[in-house]
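The lines below spell out each chain.
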Amino acid sequence: MSQLTQFIHQQRQQKSILAMTHVVYGYPSIEESLQWMARLMAEGVDFIEVQFPFSDPVADGPSIVAACHQALQQELDVETCLVQLGELAKQYPQSRMVLMSYLNPMYRYGLEKLAQRAAEENILGIILPDLPIEQAGEFRQACQDNNIDPIWLVTPATPTDRLAMLAKQSQGFLYCVARSGVTGNSDYKSPAETSLESYLANIKQHTKTPLGVGFGLRERQHIEQLSGQADIAIIGSALLDAYNVGGQDNAIGLIKKLFQ
């Protein structure tokens, strides 16, 4: 069992569902993003999904795209990001971090090096939404060699055979997109899509890996709906929107509203 899966099972003994929050590294500045991550971990969130910005974040909605573009007005580099995340991991050992980005900046950094350095800085998983599993052989091997998990995504539109394949090969947790489209859309469940309950039940037929659900979670009822069906609720655009409106305190208020 991987470190990430073990942590999820351990936390789930006390909680009906875990909270994973999404933060864009470098937004609105590097220092402020690090302060925000520290605040989140001090407040007791289970996971932080840290996004290293890319100019064309194809899976993300307007709020996260705008944050990435603003962050990229600074000079950012992957190595510094990893070092700084490692420092936070040491300060807040009760929480865990996963790194999310896109293939372009991570490929330039070096995928094997990325897996090694992430492990050294106590980052337990890596999410690259635009890296197909079929083309990820060397990356997957590097992750295995360094005892960290490549996190794969499935969506309601993923073909049945492919969903089964990704679920069976999942590690750490499987990122289950709640609905088709980009992040931030408040249309949590489209009537045209399979019900969330059926969607997650189908996934569970193919894996015992913990399930994380994200995209469009904004209301407490969304979190309550997931309780008992998933292990992790992932809050991204809603948290960023709350932060943009009222800063850290407002965003922490949203987390408490959703999870307490």
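Scroll up to find the structure this text is about.
The rules behind these values
- Residues numbered from 1 in each chain as written.
- Predicted model: local features only at pLDDT ≥ 70, side-chain atom pairs only at ≥ 80, totals over all residues.
- Heavy atoms only, no water.
- Helix = DSSP H or I, 4+ residues; strand = E, 2+ residues; numbered from the N terminus.
- Buried < 20%, exposed > 50% of the residue type's maximum accessible area, 1.4 Å probe, protein only.
- Contact = heavy atoms within 4.5 Å.
- Areas by Shrake-Rupley, 256 points an atom, 1.4 Å probe, with all protein chains shown as cover.
- Lys, Arg positive; Asp, Glu negative; His and termini not counted.
- Charge placed at Lys NZ, Arg CZ, Asp CG, Glu CD.
- Axes fitted to C-alpha atoms, helices over the stretch in contact; angles between N-to-C directions.
- Parallel < 35°, antiparallel > 145°, perpendicular 65-115°, else oblique.
- Left-handed = near helix turned anticlockwise from the far one by under 90°.
- Nonpolar A, V, L, I, M, F, W, Y, C, P; charged D, E, K, R; others polar.
- Pairing = 2+ DSSP bridges.
- Salt bridge = Lys/Arg side-chain N within 4 Å of Asp/Glu carboxyl O.
- Right-handed = clockwise from strand over helix to strand, strands pointing away.

1. Considering the overall build of the protein
The number of helices and strands found in the protein is 11 helices and nine strands. Seen through its C-alpha atoms, the protein measures out along the principal axes to roughly 45 × 40 × 35 Å. Counting across all 260 residues of the protein, residues that qualify as buried make up 55%. Across the protein, contacts joining residues at least 24 apart in sequence account for 71% of those joining residues at least 6 apart. Summing over all exposed atoms, the protein offers an accessible surface of approximately 11,200 Å²; the carbon and sulfur share of this is 46%. Each charge class in the protein was averaged separately, 19 positive and 28 negative side chains, and the resulting centres sit 7 Å apart.

2. Here's the deal with unusual backbone geometry
Here the bond from Tyr-27 into Pro-28 is cis, since omega is -5°, no more than 30 degrees from zero. Considering the arrangement of structural elements, one finds Pro-28 in the loop between strand S1 (18-24) and helix H2 (30-42). Although it is not a glycine, Asn-147 sits at a positive phi angle of roughly 60°. With respect to the helices and strands, the residue Asn-147 is situated in the loop between helix H7 (137-145) and strand S5 (149-151).

3. Overview of the packing of helix H4 (residues 78-91) against helix H6 (residues 111-120)
Close contact between H4 and H6 brings their axes to 9 Å; oriented N to C, the two are set at 20°. Relative to H6, the element H4 lies roughly parallel. The two elements H4 and H6 meet at a crossing, and its hand is right-handed. Of the residues in H6, those in contact with Val-78, Glu-79, Leu-82 and Val-83 of H4 are Lys-113, Leu-114, Arg-117 and Ala-118. When the residues that make up the contact of H4 with H6 are grouped by side-chain class, the tally is five nonpolar, no polar and three charged.

4. Describing the sheet that holds strand S8 (residues 211-214)
The strand order across the open sheet built from nine strands is S5-S4-S3-S2-S1-S9-S8-S7-S6, with neighbouring strands paired in parallel fashion. One side of each edge strand has no neighbouring strand; the edge strands of this open sheet are S5 and strand S6 (153-154). Where helix H9 (residues 196-204) meets the sheet, it contacts S6, strand S7 (174-177) and S8, and its direction lies at approximately 155° from that of S7.

5. Thoughts on the pattern of salt bridges
Counted according to the given criterion, the structure contains 10 salt bridges. Salt-bridge contacts for Glu-121 lead to Arg-117; the nearest nitrogen and oxygen are separated by 2.9 Å. A relative accessible area of 13% means that Arg-117 is categorised as buried. A salt bridge links Glu-134 to Arg-162; its shortest N-O distance comes to 2.3 Å. With Glu-134 in the loop between strand S4 (125-127) and H7 and Arg-162 in helix H8 (residues 160-169), this residue pair connects regions lying 28 residues apart in the sequence.

6. A few points about the pairing of S1
Along any regular strand the residues' side chains alternate between the sheet's two faces. For S1, the tally of buried residues reaches seven of seven residues, placing the bulk of the element in the interior. Inspection of the sheet shows S1 paired to strand S9 (residues 232-235) by four bridges, in the parallel sense. When the sheet's bridge partners are listed, Thr-21 is paired in S9 with Ile-235. In this structure, S1 lies alongside strand S2 (residues 47-51), joined through five bridges in parallel fashion. The residue bridging Thr-21 from the neighbouring strand is Ile-48, located in S2. Taken together, S1, H2 and S2 constitute a β-α-β crossover, and its handedness is right-handed.

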